[in-house]
Structure formats: structure tokens, C-alpha cells
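Residues per chain, in single letters:
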Amino acid sequence: MPASTLSRRPRGPAGALRRWWTHLSGIHRERWIHFGPLFTVLLFMAVIMAAFGYLRMEEVRREREGLKRDVEYAQQRMRLRLLERQEQLMRLARDIANREVGAAQFGSRAEALVAQYPELLSIGWVDARRRVLAIQTTPSAPPQRDWMDGGTLRADEAENGFGLARDLRQPVYTLPPAPRDGEPTLQLHVPITPRGQFTGELLAEYGVDGLLRYAVPSEVLAKYAVALLDAQGQLLTGQNIPARPSVSEHLPWSGKVNEFEIPVSPVGNGLILRAQAWRTSQGLIGSAIFWLVMGLSAMTAWMLIANWRQSRRRQQAQAALEAETTFRRAMENSMLTGMRALDLQGRITYVNPAFCKMTGWREEDLLGQTEPFAYWPSEDHDALAARLTEELGGAADPAGFQMRVKRKDGSVFDARLYVSPLIDASGRQTGWMASMTDITEPNRVRRQLSASYERFTTVLEALDASVSVAPLGSEELLFANKLYRQWFGATTEGHLKLVLRGGTAGTLTSDESLDAVDSFAGLPLDTLATTPLAEHAEIYLERLDKWLEVRSRYLNWVDGRLAQMVIATDITVRRHAEEQAAAQAERAQTASRLITMGEMASSVAHELNQPLTAITNYCTGMISRIRSGQIGQDELLAALEKTARQAQRAGQVVQHIRSFVKRSEPRRQLAEVATIVDQVVELAEIDLRRRQVRIARIVESRLPALYVDPILIEQVLMNLIKNGADAIDAAGRTGAERVVELRVEARHIEAQPVVQFSVTDTGGGLSQEAFDRLYEAFFSTKNEGMGIGLNLCRSIIESHQGRIHAENLYNAGQVVGCRFTFWIPVGPSQQADPGSAGEGQMKVIA
């Protein structure tokens, strides 16, 4: 560019703003060239349509205003005519009330009204008991009207009007339902009220058709389609313009039939006057001017569109040529792969920007070079020269080869070069094209992955657990660590045994070797490989004499196959410890029950002494009376029955104590809550009666059965009741205050149904220290206590998936007792296998 031009170019912010404005103006010019003609056509058509639409709407508005004015005028005429007839009938009713008109005079006056006003069909005189005293009808109407039933008023709309006229003491209009074959009518009920007393009414019946014909001006009837409608919009009489099924009705400016409705006063909303304008104009579609303008507009639009299409085709061809050139240049400049072209003599004829960026050399520096090239490391000249000779001879490896490349700054990176023949448009080879990719980072990642694999393998080999991986449907062992090989060898026999014994999904035998079809095709392998399908299991292997904890999950192997990994951990020592802990816990429970019964020994002796004393007394008395011969057979049998009942009572006490104390394996079963409570209360009352403590039990009806060990639940309740009695003794309660309450009810806790047990005493409560150490082993608030009762209670409740807690009861800030509450769930968790439940119980207690 000449220096003079550079000196005249604006510099700084002003120059940049001017260049930006010039560029923006060019963009807008290009857009106007593309879319300007089309926009002009659309604007022209919009103006034409808007003009015609405005003219049509103005015509419709004027027509609607005229229609409204004429309808209101017709409504006023009809209103005045009805009010005139109403005034005449009220005058006749007043004369009847004043006894100035009798039946004969009524007939003549009514006949005159009916003859004078053709819209009146009939006038009837009805007394207070709904009897029709007289009626006058037009010659064309039958004397027996629809509202009459013999000589009385029919129970229909007429009777409703009669009642309103009687109650309101005013004229009332009613519109009875139109008969199927007859003419619709309008009824007027005028009350007859001499001195304020209702003695009857005058019932005038208008013909709706006559009312429309004689009340509406003839010029309105000739100009519009006039009709009378009821309150529901049903046509009573008159004309109705149907919908106009024409294409023009769907145009935006084409409205519906012009109509106006107004209620007829004084009838009210029950009678509506409607007028619809007849269509007299041809509208826009039928106008010759409309079609002339539309034709000229279409021709103008066609010429503009043809011109726009021609210029657009020219611009599209030019833009396609520019886009092709720009695309080819952009593709070369934006490639991340370096491209280098050699002619048949080995000179560099082309390099792309990516190649220059990789090597750090400019395009001018590389073009025309021959070997050794500037980007060859000096120590690799011989090897790279041999490679170049092979390349020029056509013996290059299609898979490419790896080489080191030296940048201009002297740094070196790893690259992979792919060589292919360069063919021109005529199909003749003109040289060789090479693509170069920087593989320094992939090589580094590969080395890191290799090192990570070695570290991971070392960790797996040192694990104290057996790890094995095998594909589904095959007996190939993909991986096995050192401990697996020591236990099971290098085959999948141990892997399959662990899978089968562990209860996980088995490894299926595949038939792929027969039909070369993947037996797991279609399975969602990604989801299966990321979701554990089985919980851990504990199994015993006789060959190893070990207890193993087996865990299994699916994973996608490196080659994409779905595989199963099994981890087996030796838990023999832990199992032995759990068995010993379970045995110790069982012995602790038995000891707790023995301690409880030992503390209740005196009460048990007292309880047994009563039936034994009664047996002794019965036997002594029977012996004395038998010796003296003063006893009969019936008296002897009665005494023996009483003796047997006392012996049975003593046996039940002993049996209950024996079943509570005896040692047995944990055994869960479906048990009724009421039965457990009865057993506990019966056993606890032995000690509570001696200590003068009353037990109050409140058990909700229809409680669900619990899947529990009844003896263990009885032990918890027995311990809590006994603790409550001890607290009452320690607090020195007397009289009615010496009571322990046992309450059992169904509740919903933690979003699950449970049965809640609560034992409430009236003792002195618990201190804060006692609350902090309440369930601590060997902690007791009693001098002679061992401190294992509440600890065992919590273990038993938690082994049944329940919870226990304690709280003090207050009254006016004073502690008045303590409440222990525990609950046991009623749900799927209670349906566990009895054996596994017992085992879980021992783990918790330990």
C-alpha cells in the first residue's frame, strides 16, 4: 500500500469508529439487497388490505348504530302498547272490585277489548279459589284455553302468575312454555283487590305473534329480521337470519350478522326483542373496485418478486463462490494436524499454519528445503534420512511412524507422521503429503497409566482379601490377586463357587462358541456395571475351614465385556468373636431373669402360700367331716373341686415362673400383644401385691401381631415395671399414689406403623447424671442393683428394630414420676427369617 494512502487513513479511536460504521453499513446494505424487494411487496399488500378493512369496518359500524336506534324505537312502541292494555285491564279490575261490573258487563267489555286489539287472545276472570268465572276469547281461538283445566286454573305457569299477583298485589307478566302445535302466548295477571283484599284476578293472554305484528312499526319489520325470544334465547316468533356459509365470512374484516337484542319492558328479561340486519351490500368481495385494485396489486407484486428472485440468484452464486474459497482457506488454517507436502525430488512445497506452529518455523523458512530439514534433531539425521528415502520410494508404512521433532527454539517433542501420495486433478502423482500429530501428551499419559497399573496391582496383591474378576458367560479368569491364587489356584472354579455360595447372580454358560452371537446383547451394560446387584453374604468353605464375607458387583472390563468382580474376606476370627458374644449375651439375659425372680422370691412364696394354705384347710375340713360322717357326696365333690382349683392356681404360678426363667434359644414368632401383657401383669402382680403397689394397664383394642421373641419382650416389661415399683418405694409414696401404669397403643413413628409400650411410675424421677448413664453397663441408681437391666432392655428392643427412651414427668415444676417408652415396628422388617433375626439380636447385645 502506498505511503500516502497510509498517511491519509484516520488513526486512533475516530478512525476505528469510522471503520466500524462503514462495516456495519455494508452489512445493512447487503441485507437490504436481499430482503428489500420482498419487504416492499409485503408492505404494499398490507396497506391495501388495511384500507379495505377500515372501509368495511366503518360500514359495519354505521349499520350497527342504525340497527340499535331502530330496535330501541320498536321496543318503546311495544312497551307503550303493553302499558295501554295493562292500564285498561287494571281499570276493568278496579270496576269489578268496586262491584260496578258484573259477569254480563265483564263479557261485553272484555269482548270490546279483544275485538279492538288483535294481539289479545283472551281475557278471563278468576276468583280467589282459582275458578274461572268468565272468559272472553277471539273468534279464532278456542274457548277452552291451555291454562284452564275444566273450570279452574291449571297448575302450571298460569298458577305461578296467579300466586305472584296475589302476593304482590300488582300486575304480573308470565311467559308460559310454548305448546308444540299452538302459538306462544304472554300472560298478564291483574289482581282484583277490593279494600286491599285479594278476591281474584283478570288473566289476559297475548299472542306473541300478534304482539310482534301490531306493536312493532312496519318500517322496522320491513327493514330488519325482527323476532321475539324467551329468556333462554329460544325463538318464539319472527324471522331469523341463518349463518352465511361463504368464503368471505372467514376473512378478518368480515363480521357476523349485525344484530341487537333488548328486553321488552314491562315484561322484563323473560321476553327479548331481537333485530338482525339484512345484508344489502355486496361487500368487499363483490365490489368491482376491489377486484381491480387487487389485480393491479398482484401484477405489481409479481414484478417486484421476479426482480428480487433474479437478483437473489445472482448474489447466491457469487456468495457460493466466495464461501467455497473461504472454506478451503479456513479449513487449512484451522486444522490442528500439521500438513507438509513434498514434490517427487523431496523438496518442501507446502506447509499449513498448524505445522508451522508445531515446529516454530515460518512458512517462508521451510518452503523449498531439502534434507536434512530444519526440524530434524541432529542426532536423528541418519535414521530420518533413511525414512525419507523409503517415503520417496513409496515404501512408507501406512500406519505411520513415530519421530522426534526439533522446534526452532531447540526443544524437542514426539510426533507421529502419516505419509500418502499427493494426486492432482488429472489423477497424476505430483508428490507426497504427510500429516503430523503431536503425541507428547498421549505418551506421557501412557507412561503414567502404566505406572498407575503397576501400583494398583501391587496394592491388590498385598490385600488380605481374595479378589477375582471373570466375564459373564465364560470360564476365563481376567484377574486374580495373590490370596485368590493361594486359596483357589489360577482357575475360575473358586470364583464360581463364591458366586453360587454367596447367593449373587450366577455366571451363566454362554453359547457364543456355537453361534458367535453375544448372549448379553441388548442388556443395559452401563447401568448394570455401575449398580451393585447383591448385598454381601457370609459363607463357610469346608475345604479352607474359613468363614468368608463375599461381595460381588458387575463392571465393564477394559475390552467392553460385562464382567463380575468377587471380593472374599476372611472373617473367621470375627465370627468366633460374635458367637462368643452371643453366648455371653444369652447368659446375661438368663441371669437377669434369675435375678428378677430372686428379688421376687418372697412375693412368689407368698403367692404360692395362699393356694397351699387353702388346699390344707380344705383337706383338713374334709377329713374331719368324713370321720364324723357329716358330709354328703355333693359337698365332698364341691370341696374337692375347690381343692383342685387351688392346686391348679399354684401350678400355673410355678409354670409361668419356669417358662420365664428357663434358658432357651432366641425364637421369634407372631405373638399377640394382649397375651404378652397378660403374662407380664400376672407375673408382676405377685410382687406388686406384696408391696401394695397397684398396676393399671391400658391396652388398645385390635392391636396387630408382632414378630418378636415373647419371652424377651416380657423380660423388658417385667424389668421396667419392677424398676417403677422400686422408684415408688424410694420416693415414699402412699395410698392412691402407689400405682404403675402400663399403656399399649398403635402409633406411626418415623413413617412406619409401630406398637408403643409405656410404663409410668409415680416415683421421684431420674437425675441428670442417671439420664446420661442410663443404659451404661453396670451403672445403677439402687444400692443392691447390678446395672445390667436397662442395658439388656435397650439391646433387646434394638434387636427388634425398635427404640427406647425415658423422660421425667412434671407437675408445677416438681418431678412426679418417670415414664419409660419403647416401640416395635409392624412391617416388612418384622418378617425377617427367625434364624437371622436371632443372630442379629446377639450382635446388638454384644
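Worth saying up front: this structure is predicted, and the values here are computed from it rather than measured.

Draft legend 1. Looking closely at the pairing of strand E19 (residues 537–541). Taking every second residue as pointing to the same face, the buried face of E19 carries Ala537, Ile539 and Leu541, while none of Glu538 and Tyr540 on the other face is buried. Alignment of E19 against strand E20 (residues 546–556), held across five bridges, turns out to be antiparallel. The partner of tyrosine 540 across the bridge, within E20, is tryptophan 547. What sits between the antiparallel neighbours E19 and E20 is a turn of four residues, in which aspartate 545 has the positive phi angle 55°.

Draft legend 2. Fine view of the sheet that holds strand E25 (residues 739–749). A sheet is described by the order of its strands in space; here five strands give the open sequence E23-E25-E26-E28-E27, paired in mixed fashion. Of all strands in the sheet, those bounded by a partner on one side alone are strand E23 (694–699) and strand E27 (803–811). Geometrically, the sheet is characterised by an average inter-axis angle of 20° between neighbouring strands, direction not taken into account. Pairing geometry for E27 and strand E28 (residues 814–825), over nine bridges, is antiparallel. Looking at E28, one finds that asparagine 811 is bridged to glutamine 814. Sitting on the sheet, helix H19 (residues 673–690) is in contact with E23, E25 and strand E26 (752–761), with an inclination near 175° to E23.

Draft legend 3. Here's a closer look at the pairing of strand E7 (residues 200–207). With eight of eight residues buried, E7 is to be regarded as a mostly interior element. In E7, alternate side chains face the same way, and those of Gly200, Leu202, Ala204 and Tyr206 on one face and Glu201, Leu203, Glu205 and Gly207 on the other are all buried. Both strand E1 (residues 120–127) and E7 contribute to a ladder of seven bridges, which runs antiparallel. Residue pairing across strands places glycine 124 opposite leucine 203, the latter belonging to E7. Relative to E7, strand E6 (residues 185–192) runs antiparallel, the two sharing eight bridges. Paired with proline 191 across the two strands is glutamate 201, which belongs to E7.

Draft legend 4. Spatial organisation of the packing of aromatic side chains. Applying the stated criterion to the full structure yields nine aromatic pairs. Ring geometry for phenylalanine 373 and tryptophan 376: centres 5.1 Å apart, planes at 80°, overall edge-to-face. Phenylalanine 373 sits in the buried class, given a relative accessible area of 2%. Take tryptophan 376: its relative accessible area is 5%, and that puts it in the buried class. Between tyrosine 484 and phenylalanine 488, the aromatic rings sit 5.1 Å apart at their centres with planes inclined by 45°, giving tilted as the arrangement. Placement of the pair is tyrosine 484 and phenylalanine 488 together in helix H12 (residues 482–488), with a separation of four residues, close to one helical turn. Each member of the pair, tyrosine 484 together with phenylalanine 488, is buried. Taken together, the ring pairs connect Phe355, Phe373, Tyr375 and Trp376 into an aromatic cluster. The ring of tyrosine 117 carries arginine 85 above its face, with NZ or CZ at 3.4 Å from the centroid. One residue, arginine 575, lies across the ring of tryptophan 547, its end atom 3.7 Å from the ring centre.

Cut-offs and rules
Residues numbered from 1 in each chain as written. Predicted model: local features only at pLDDT ≥ 70, side-chain atom pairs only at ≥ 80, totals over all residues. Heavy atoms only, no water. Buried < 20%, exposed > 50% of the residue type's maximum accessible area, 1.4 Å probe, protein only. Helix = DSSP H or I, 4+ residues; strand = E, 2+ residues; numbered from the N terminus. Pairing = 2+ DSSP bridges. Axes fitted to C-alpha atoms, helices over the stretch in contact; angles between N-to-C directions. Contact = heavy atoms within 4.5 Å. Phe/Tyr/Trp six-rings, centres within 6.5 Å; stacked < 30°, edge-to-face > 60°. Lys NZ or Arg CZ within 6 Å of the ring centre and 35° of its normal.

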